[in-house]
Amino acid sequence: MLARNAESLYWIGRYVERADDTARILDVAVHQLLDDATVDPDRTSRLLLRVLGIEAPEEKLDVRSLTDLVAFSRNQVGSIVDSLASARENARGAREVTSSEMWECLNTTYNGLAERERASRRLGPHEFFRYVEERAAMFAGLADSTLSRDDGYRFLLLGRSIERVDMIVRMLLARAGDRPSSPAWVSVLRSAGAHDTYLRTYRGALDANRVVEFILLDRLFPRSVFHSIRQAEKCLQELDPQPGSRVGIRAEAPRLLGRARSELEFLPQGVLLEDLQGRLLGWQETCRELGEAIALQYFHAAPWVAWTDAGAAYADSTVEGEL
C-alpha cells in the first residue's frame, strides 16, 4: 500500500474517533453545566479545554462559548467540525482504498453539520452531539462491513485505537484527584459510553477505584484502554509480521505499545488511584511518542529534517492532527 494512502486511512481513524469522543465528553459536560447550578461554568470549561489540549480564550466562558469553540469552530484545531472536515479531506485523497459507503457517510456527515448546528442553537447542543456520535458509529460499522481485512483496514483500526487510548486518558485526567466518593466519576463513565456496561458488570456499585479499573483494564469492554492497546498491538503485528530479533523488538512502535500494555496488565490490585495523574500523563506521553514512531516507520522514508539558524532549531514535521 502507498504510504500516502496508509497515512490517510490512519488519520481518518483518528479524526473520526476524536470527533466522537469529543462529542461524548462535551455532551456530558454541557448537561452538567445546565443541570447543576453549583458548578462554575468558567472553571469547568477551562478544565475541559485543558484536557482536550485547546487553548482557553481570555474572556469568561459559559455553555454557549464552550460549544462554539469545541464543537462548531472551523478554525480551532481539535474541534468536532475541524476533526470531521480533516477526516473527509483524508478520505477524498484516498478514495481508491476506501469503500463508496465510507466516503458517502463522511461526506454526508460533513455536509449535514451546518444544519445540525442551526438545530442545536434552537433545541440545545445535545442534538448536535447525538448526530456526531451516531454518524461516527455508522462510519465504524461501514468500515467493519465493507473493507477487506488488509493493510488499509489495519491502518484505519490502528488510528482509531490509538486515538481512543489518548481520549480516554484525557477523560480520566479531568477527574484525577477527585474524591473516591465524588459523583463526578459517573460523568467519566457516561463520557466513555461505559455507564450501562459498568452497572451491569459491577451490579450497580459505584466506586472510583472500580470505575478507573473498568475504563483502564477491562478486557471485554471495547473502549477500555487495555482493550484498545491490545487492538493496536494486533494491528502492528499484522502490518509487520516479522518476529523480533534475538535481543527483543527493534521497532519503536510495538515496543512502546508492549511497555504500556505490560504496565497495565501487571498493576497490583488496589493501587490504581495511587499517583493516578502521574500514570495518566505517562500514558498520554506514550500516545504522542507512538504517533511519531508510526509516522517514521510507515509514512516517511527518512527522519524529519532539522534546520538550525542562530542557535534556534526548527523541526519540519509533516505529521498532521497532533494534539
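Since we're looking at a predicted model, the values are computed, not measured.

Conventions adopted
- Residues numbered from 1 in each chain as written.
- Predicted model: local features only at pLDDT ≥ 70, side-chain atom pairs only at ≥ 80, totals over all residues.
- Heavy atoms only, no water.
- Helix = DSSP H or I, 4+ residues; strand = E, 2+ residues; numbered from the N terminus.
- Rg over C-alpha atoms; globule rule 2.2 N^0.38 Å.
- Buried < 20%, exposed > 50% of the residue type's maximum accessible area, 1.4 Å probe, protein only.
- Contact = heavy atoms within 4.5 Å.
- Areas by Shrake-Rupley, 256 points an atom, 1.4 Å probe, with all protein chains shown as cover.
- Lys, Arg positive; Asp, Glu negative; His and termini not counted.
- Charge placed at Lys NZ, Arg CZ, Asp CG, Glu CD.
- Core = buried A, V, L, I, M, F, W, Y, C linked by side-chain atoms within 4.5 Å.
- pLDDT = per-residue confidence, 0-100.
- Salt bridge = Lys/Arg side-chain N within 4 Å of Asp/Glu carboxyl O.

A.B. asks: Just checking my understanding: could you explain the overall build of the chain for this structure?
C.D. replies: Along the chain, the regular secondary structure elements total 14 helices and two strands. For 323 residues, the compact-globule estimate of 2.2 N^0.38 gives 20 Å, and the C-alpha radius of gyration of the chain, at 20 Å, lies within 12% of that figure. Projected onto its principal axes, the C-alpha coordinates of the chain cover approximately 60 × 55 × 50 Å. Within the span of the chain, comprising 323 residues, buried residues form 52% of the whole. By sequence separation, contacts in the chain at least 24 residues apart represent 64% of the contacts at least 6 residues apart. Surface accessibility of the chain: about 16000 Å² in total, with carbon and sulfur atoms responsible for 49%. If the 41 positive side-chain charges of the chain are averaged to one point and the 49 negative ones to another, these points end up 4 Å apart.

A.B. asks: I'm lost on the side chain of Ser-187 in this one. Help?
C.D. replies: Relative to the elements of secondary structure, Ser-187 occurs in helix α9 (residues 184–191). Look past the residues within four positions of Ser-187 in its chain and what remains in contact with it is Val-28 and Gln-32.

A.B. asks: When you look at the environment of Leu-113 in this model, what are you seeing that I'm missing?
C.D. replies: Considering the arrangement of structural elements, one finds Leu-113 in helix α6 (residues 113–123). Judged by relative accessible area, which is 1%, Leu-113 ranks as buried. The spatial distance from the C-alpha of Leu-113 to the C-alpha of Phe-226 is 33 Å, given a sequence separation of 113 residues.

A.B. asks: What is the right way to look at α9 in this model?
C.D. replies: Residue pairs spaced three or four apart in an α-helix point in one direction, given the helix's 3.6 residues per turn. Counted residue by residue, α9 has six buried out of eight residues, so it is predominantly covered. Elements in contact with the buried residues of α9: α1 (3–35), α8 (151–173), α10 (195–201), α11 (208–217) and α14 (276–299). Count one or two residues on from α9 and you reach Gly-193, which has phi positive near 65°.

A.B. asks: Explanation requested: the nonpolar core in the structure shown.
C.D. replies: Formed by 99 residues in total, the largest nonpolar core has its most connected members in Ile-80, Phe-128, Leu-158, Ile-215, Leu-216 and Ile-294. Looking at this core, the element that brings in the most residues is α1, giving 14 residues.

A.B. asks: For this particular structure, what's the right way to read the confidence of the model for the chain?
C.D. replies: Close inspection of predicted coordinates is inappropriate for parts of the model with low pLDDT. Scored by pLDDT, the chain comes out at a mean of 87, with 90% of its residues at no less than 70. Mean pLDDT values over the elements of the chain span from 39, in strand β2 (residues 312–316), up to 97, in helix α5 (residues 100–111). Across residues 303–323, where pLDDT falls below 50, the model places 34 contacts with residues more than four positions away in sequence or in other chains.

A.B. asks: I keep staring at the pattern of salt bridges and nothing clicks. Help me out?
C.D. replies: Side chains bearing opposite charge may pair, as long as their charged atoms lie close to each other. The final tally for this structure, using the stated rule, is 26 salt bridges. The residue Arg-14 makes a salt bridge to Glu-163 at a minimum N-O spacing of 2.7 Å. One end of the pair, Arg-14, is in helix α1; the other, Glu-163, is in helix α8, and 149 residues separate them in sequence. You'll find Arg-14 and Glu-163 in the same group, each marked buried. With a closest N to O distance of 3.8 Å, Arg-74 and Glu-117 form a salt bridge. Taken together, the positions of Arg-74 in the loop between α3 (63–72) and α4 (80–92) and Glu-117 in helix α6 put the pair 43 residues apart, joining distant regions of the chain.

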